[in-house]
Amino acid sequence: MQIGSPFWDASRRPIIGGARRKAAAALPSLYLGQVATKTRIPTNLSSTNKQANARTHHIARDDITALKIELPAWYWARTTTKTEISVTGNISYKAAIEYPAGTFTQVKFAGAVSGLSTGAVPLLSDFVNVTIPKGAAFWVRTYAVATHSIVFTDATAGSNCWSCDFANGEAYEYGVSGIVDKTMGGALVPNKTTNDAAICFPTAIVAMTRLPSVLLIGDSRMYGFGDFFNVAGDMGEFARSIGPSLAYINAGSSGDSLSEFIASSTRRQALKAYCSHVVVETAINALRSGTGQNKTAAAVLAEQQTILGMFADKRRFVSTTAPSTTSANSWIDTTQTLNSNAAQFTLFNDAIRAGVQGVVGYFEIADQVMTARNSNKWKFDGTASKWTADGLHASAFGYQSIQSSGAVDPTRFSRAGL
């Protein structure tokens, strides 16, 4: 056929229907990545109780046909040394995937029904052949027997800090002895059903995927202190917004700071292997005076750069920071006392907005909860504790408002070109 005819272009590529067919966009590469919501890091241990059953709730954020889970024998000591600590000895785990509810698929480890996790080497299972459609809820059941200590994500009694999502069927039963394996069935009898109930989560749920996944690095605001689980079980400044569409690992914990992460974070850093993106949120505990570190914005930004460098092979984001104030009337109005280092909050937030080195971008958290940009005061509407109940953390309403604002847009986490 003659070159230049209505059916061929000059490069001899056929034209369909009178127009050149566009080349299909290249798909992102497959990688072994996080494919579910609500995995967390352990933050405490018990050397008294050595046996435990856990049932944790998750939502698939990709179509899953085979997955692996990672189980820990370490914890971040949030109430004591604020370092990552390996357990003495090891923890033997059995596990199963429960999907749909009441149907169990056994997890194996190197072909065996149980495996050993040590502080140095977390336990990664074999692939489990189980079909879970994107958007479906499922549960991970684990049975732990420790030579010295079990580990778990703890919560704080007498405060709005939750770990165990009872509404979505989570439960944790433990004891010195006599706890029988319920991974393949049986109702768990939780030791506690109050807000201080602990639970042991997988640190990762992974499969071959092309979709983005997010590692959340942060403090109590990232964890969700002051929040309560939404219907999907997500909570905190970022997970509420990311969870409805993307998989994530929430490695945030109360009391963490940038300097403490720099000093001890090997195991949390290792979780980046399963995520395409990282959010580094931790700042408020370094900036604020009082029980914080009272540092300058310049010092905090320098520490942030050090942490960003730990994730140089990932697409990274940062965020502005919400206020910290006190109030004599439960934050019903603007008569709030600013933190004495609030001027540094402003300098930090403005520097984030201006752009910091090495990141894809930032998320505007501060504007969603402050009365005005750089006011460093919490929003209010005349209702006691509406936006915050302690001046440091948002309330559940405040966290929901961040989500509703769209400030954390999950479409910004893109794997295009990877």
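Quick look at the structure, then. (Residues numbered from 1 in each chain as written. Predicted model: local features only at pLDDT ≥ 70, side-chain atom pairs only at ≥ 80, totals over all residues. Heavy atoms only, no water.)

Our next topic: unusual backbone geometry. Residue Pro100 is reached from Tyr99 by a cis peptide bond, and omega for that bond is -15°. Position of Pro100 relative to the elements: it lies in the loop between strand S10 (91–98) and strand S11 (104–107). You will see that Ser330, though not glycine, has its phi angle at about 60°, which is positive. Overall, Ser330 belongs to the partly exposed group, its relative accessible area being 31%. Positioned with a positive phi, Asn374 is a non-glycine residue whose angle comes to about 65°. Structurally, the position occupied by Asn374 is in the loop between helix H8 (366–369) and helix H9 (396–405). (Helix = DSSP H or I, 4+ residues; strand = E, 2+ residues; numbered from the N terminus. Buried < 20%, exposed > 50% of the residue type's maximum accessible area, 1.4 Å probe, protein only.)

So, about the packing of helix H6 (residues 297–310) against helix H7 (residues 342–354). Taken N-terminus to C-terminus, the directions of H6 and H7 make an angle of 45°; their axes are 8 Å apart at the nearest point. Comparing their axes, H7 and H6 come out oblique. Once H6 is placed against H7, the crossing between them reads as right-handed. Packed against H6, whose contacting residues are Ala297, Val300, Leu301 and Gln304, the element H7 presents Gln344, Leu347, Phe348, Ala351 and Ile352 at the interface. (Axes fitted to C-alpha atoms, helices over the stretch in contact; angles between N-to-C directions. Parallel < 35°, antiparallel > 145°, perpendicular 65-115°, else oblique. Left-handed = near helix turned anticlockwise from the far one by under 90°. Contact = heavy atoms within 4.5 Å.)

Right, let's talk about the pairing of S10 for a bit. Burial within S10 is extensive, with six of its eight residues counted as buried. As judged from the three bridges shared by S10 and strand S12 (residues 115–117), these two strands associate in the antiparallel manner. When the sheet's bridge partners are listed, Ile91 is paired in S12 with Ser117. Across eight bridges, the pairing between S10 and strand S15 (residues 137–146) is antiparallel. For Glu98, the partnering residue across the bridge sits in S15 and is Trp139. The pairing of S10 with S11 spans four bridges and is classified as antiparallel. Bridge pairing in S11 links Ala96 to Gln106. (Pairing = 2+ DSSP bridges.)

Tallied over the entire structure, the rule returns 10 aromatic pairs. With centroids separated by 6.3 Å and ring planes inclined at 55°, the aromatic side chains of Phe152 and Tyr172 adopt a geometry described as tilted. Within this pair, whereas Phe152 is found in strand S16 (residues 150–152), its partner Tyr172 is found in strand S17 (residues 171–175), the two being separated by 20 residues in sequence. Of the two residues, Phe152 and Tyr172, both sit in the buried class. Judged by centre distance (5.0 Å) and plane angle (90°), the ring pair of Trp387 and Phe397 falls under edge-to-face. Of this pair, Trp387 sits in the loop between H8 and H9 while Phe397 sits in helix H9, placing them 10 residues apart in sequence. For Phe397, a relative accessible area of 36% corresponds to the partly exposed category. An aromatic cluster of three or more residues is present, and its members are Phe238, Phe317, Phe363 and Phe413. (Phe/Tyr/Trp six-rings, centres within 6.5 Å; stacked < 30°, edge-to-face > 60°.)

So, on to the state of the cysteines. Within this structure, the stated rule accounts for zero disulfides. Lacking any disulfide linkage, Cys161 is separated from the closest cysteine sulfur, that of Cys164, by 12 Å. Look at Cys161 and you get buried, because its relative accessible area is 1%. The thiol of Cys275 is not disulfide-bonded; the next cysteine sulfur, from Cys200, is found 18 Å away. (Disulfide = S-S within 2.5 Å.)

Glancing now at empty space enclosed by the protein. Tallied over the full model, the rule gives four cavities of 30 Å³ or more. Counted as a void, the largest cavity has a volume near 50 Å³. The wall of the largest cavity is formed by Ala52, Ala54, Ile91, Tyr93, Thr142, Tyr143, Ala144, Ile150, Val151, Tyr172 and Cys200. Those elements that place two or more of their residues in the lining of the largest cavity are strand S6 (51–59), S10, S15 and S16. (1 Å grid on protein atoms, 1.4 Å probe; cavity = no way out; pocket = protein on both sides within 12 Å on 5 of 7 lines; lining within 4 Å. Points joined across faces, edges and corners; volume = space filled by probe spheres on them.)

Further remarks concern the sheet that holds strand S20 (residues 247–250). Read across the open sheet, the six strands follow the order S4-S20-S19-S21-S22-S25; overall the sheet is parallel. In this open sheet, the two strands that pair with only one neighbour each are strand S4 (39–40) and strand S25 (361–363). Alignment of strand S19 (residues 213–217) against strand S21 (residues 277–280), held across four bridges, turns out to be parallel. What sits directly across from Val214, in S21, is His277.

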